[in-house]
Amino acid sequence: MAKNNSIREVLNKDDIISSIKLLRNSKFILIVEGQDDILFFKKFIENNQVEIYESFSGKIGVFEIINSKDLKGHNLIGVVDKDYSQENNKNIYYYDHSCLEMMLFKEKEIFLKICIEHYKEQNNISSDKLYLHIFEILFYFSILRKRNFEKKYELNLKMISLSKYFDPENNLFNYKEIFKTLKKNTSNKKIDINKIEEDILNQRFDNFSLKTFLDITNGHDFIKCLQIFCNLSGTKRGITEEQISSELRIAYSSENFKKTKLYKEVNKKYKNIFKL
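Parameters at a glance
Residues numbered from 1 in each chain as written. Predicted model: local features only at pLDDT ≥ 70, side-chain atom pairs only at ≥ 80, totals over all residues. Heavy atoms only, no water. Helix = DSSP H or I, 4+ residues; strand = E, 2+ residues; numbered from the N terminus. Rg over C-alpha atoms; globule rule 2.2 N^0.38 Å. Buried < 20%, exposed > 50% of the residue type's maximum accessible area, 1.4 Å probe, protein only. Areas by Shrake-Rupley, 256 points an atom, 1.4 Å probe, with all protein chains shown as cover. Lys, Arg positive; Asp, Glu negative; His and termini not counted. Charge placed at Lys NZ, Arg CZ, Asp CG, Glu CD. Pairing = 2+ DSSP bridges. Right-handed = clockwise from strand over helix to strand, strands pointing away. Axes fitted to C-alpha atoms, helices over the stretch in contact; angles between N-to-C directions. Left-handed = near helix turned anticlockwise from the far one by under 90°. Contact = heavy atoms within 4.5 Å. Expected span 1.5 Å × (residues − 1). Phe/Tyr/Trp six-rings, centres within 6.5 Å; stacked < 30°, edge-to-face > 60°.

This part is about the overall build of the protein. Along its length, the protein carries 13 helices and 7 strands. Here the protein has a C-alpha radius of gyration of 20 Å; the compact-globule value for 276 residues is 19 Å, and the two agree. The dimensions of the protein, computed from C-alpha atoms along their principal axes, are 60 × 45 × 35 Å. Residues classed as buried in the protein amount to 50% of the 276 residues present. By element, 46% of the accessible surface of the protein is carried by carbon and sulfur atoms, the whole surface being about 14500 Å². Computing the positive centroid from 46 side-chain charges and the negative centroid from 39, the protein places the two 4 Å apart.

Here it is, written out as structure tokens:
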């Protein structure tokens, strides 16, 4: 993007709405959830007539701005993570699969490029095998996230630091310990965590397609897991999640983006947003 003032960050809701109204439809407005989204779209938008705003409150904030009566008639759209729900709103577009990161990681060659720099084969897990292995060992946690959202368990999954529960000898997560921690710290007495644990750990992922894994896996969980493997095995120890996120965006090309449902849907209606 050519000009720094075409990106608006760290504004509250009223500031964003006021700023958009002052433009008087002189520019097209793109509302995104956060900083990673801005960095992603900067690669593909080189148009001074497009203004990107970071939401004041993530995904919820994007919806509130898009649905604001004060902005009715303005040229604006929002792009958000799908997560585990998708509302029907003509001005809201979703990343392919669960989120931005999983849309990018769908391209396996990008994952392999990151591994060339940071991962060294261990326990007979090559970079090629590691790609699917990460989806598989995150499977139960991904199902737990999905159920927690859909059934409103109100489990505080933010308290679970995946690295703390990783078993390096078996290259797996210790889900018994994860559920033990949740049992100790859950205030919702209406749910039976033992039953939830039994149900989830009895799930099978053998017949799951890559698309299903991409749809249910949280992007930050995937990056955290990749970080764990890289730092256990790699020649460049100490890689951060931020570094992986950055390298992921850098490696993602215009040709990759053109293949996405997001690009096709937005470009079909708005021809002049992306410059690829």
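Every other side chain in a regular strand lies on the same face of the sheet, so the side chains alternate between the two faces. Counted residue by residue, strand β3 (residues 50-54) has 5 buried out of 5 residues, so it is predominantly covered. Side chains of β3 alternate between two faces, with Val50, Ile52 and Glu54 and Glu51 and Tyr53 buried alike. For strand β2 (residues 28-32) and β3, the ladder comprises 5 bridges, and the chain directions are parallel. Paired with leucine 30 across the strands is isoleucine 52, a residue of β3. A crossover connection joins β2 to the parallel β3 through helix α2 (residues 35-42); in handedness this β-α-β unit is right-handed.

Now for the environment of lysine 69. As for its placement among the helices and strands, lysine 69 is situated in the loop between α3 (58-66) and β4 (76-80). A relative accessible area of 79% places lysine 69 in the exposed class. For lysine 69 and tyrosine 153, which are 84 residues apart along the polypeptide, the C-alpha to C-alpha distance reads 33 Å.

Glancing now at the packing of helix α5 (residues 108-118) against helix α6 (residues 127-150). Two numbers describe how α5 lies on α6: the axes approach to 10 Å, and their chain directions differ by 115 degrees. Considering only the axes of α5 and α6, their crossing is right-handed. Judged by residue contacts, Lys108, Phe111, Leu112 and Cys115 of α5 engage Ser127, Asp128, Leu130, Tyr131 and Ile134 from α6.

On to unusual backbone geometry. In this model, aspartate 83 sits at a positive phi of 50 degrees, which is unusual for a non-glycine residue. A positive phi is found at lysine 152, a non-glycine position, where the angle reads about 55 degrees.

Our next topic: helix α10 (residues 219-233). Along an α-helix, residues three or four positions apart point the same way, because every turn accommodates 3.6 residues. Between its first and last C-alpha atoms α10 spans 21 Å; for 15 residues at 1.5 Å apiece the expected length is 21 Å, and the two agree. Counting buried positions along α10 yields 12 of 15 residues, so the element is predominantly enclosed. Residues Gly219, Asp221, Phe222, Ile223, Lys224, Cys225, Leu226, Gln227, Ile228, Phe229, Cys230 and Ser233 constitute the buried set of α10.

Before going further, it helps to examine α3. Three or more residues of α3 are buried, namely Lys59, Gly61, Val62, Phe63, Ile65 and Ile66. Lining the buried residues of α3 we find α1 (13-23), β2, β4 and β5 (92-94).

Glancing now at the pairing of β2. Within β2, 5 of the 5 residues are buried, which leaves it mostly tucked inside the rest of the structure. With burial as the criterion, each face of β2 is covered, one bearing Phe28, Leu30 and Val32 and the other bearing Ile29 and Ile31. Sheet analysis places β2 next to β4, joined by 4 bridges and oriented parallel. Its bridge partner being in β4, isoleucine 29 is matched across the sheet by leucine 76.

This part takes up the packing of aromatic side chains. Within the structure shown, the criterion is met by 30 aromatic pairs. Between the aromatic rings of phenylalanine 40 and tyrosine 252, the centroid separation amounts to 5.9 Å while the plane-to-plane angle is 55 degrees, which identifies the pairing as tilted. One end of the pair, phenylalanine 40, is in helix α2; the other, tyrosine 252, is in the loop between α11 (241-251) and α12 (254-258), and 212 residues separate them in sequence. Take phenylalanine 40: its relative accessible area is 0%, and that puts it in the buried class. Aromatic pair phenylalanine 139 and phenylalanine 208: ring centres 5.0 Å apart, planes at 80 degrees, arrangement edge-to-face.

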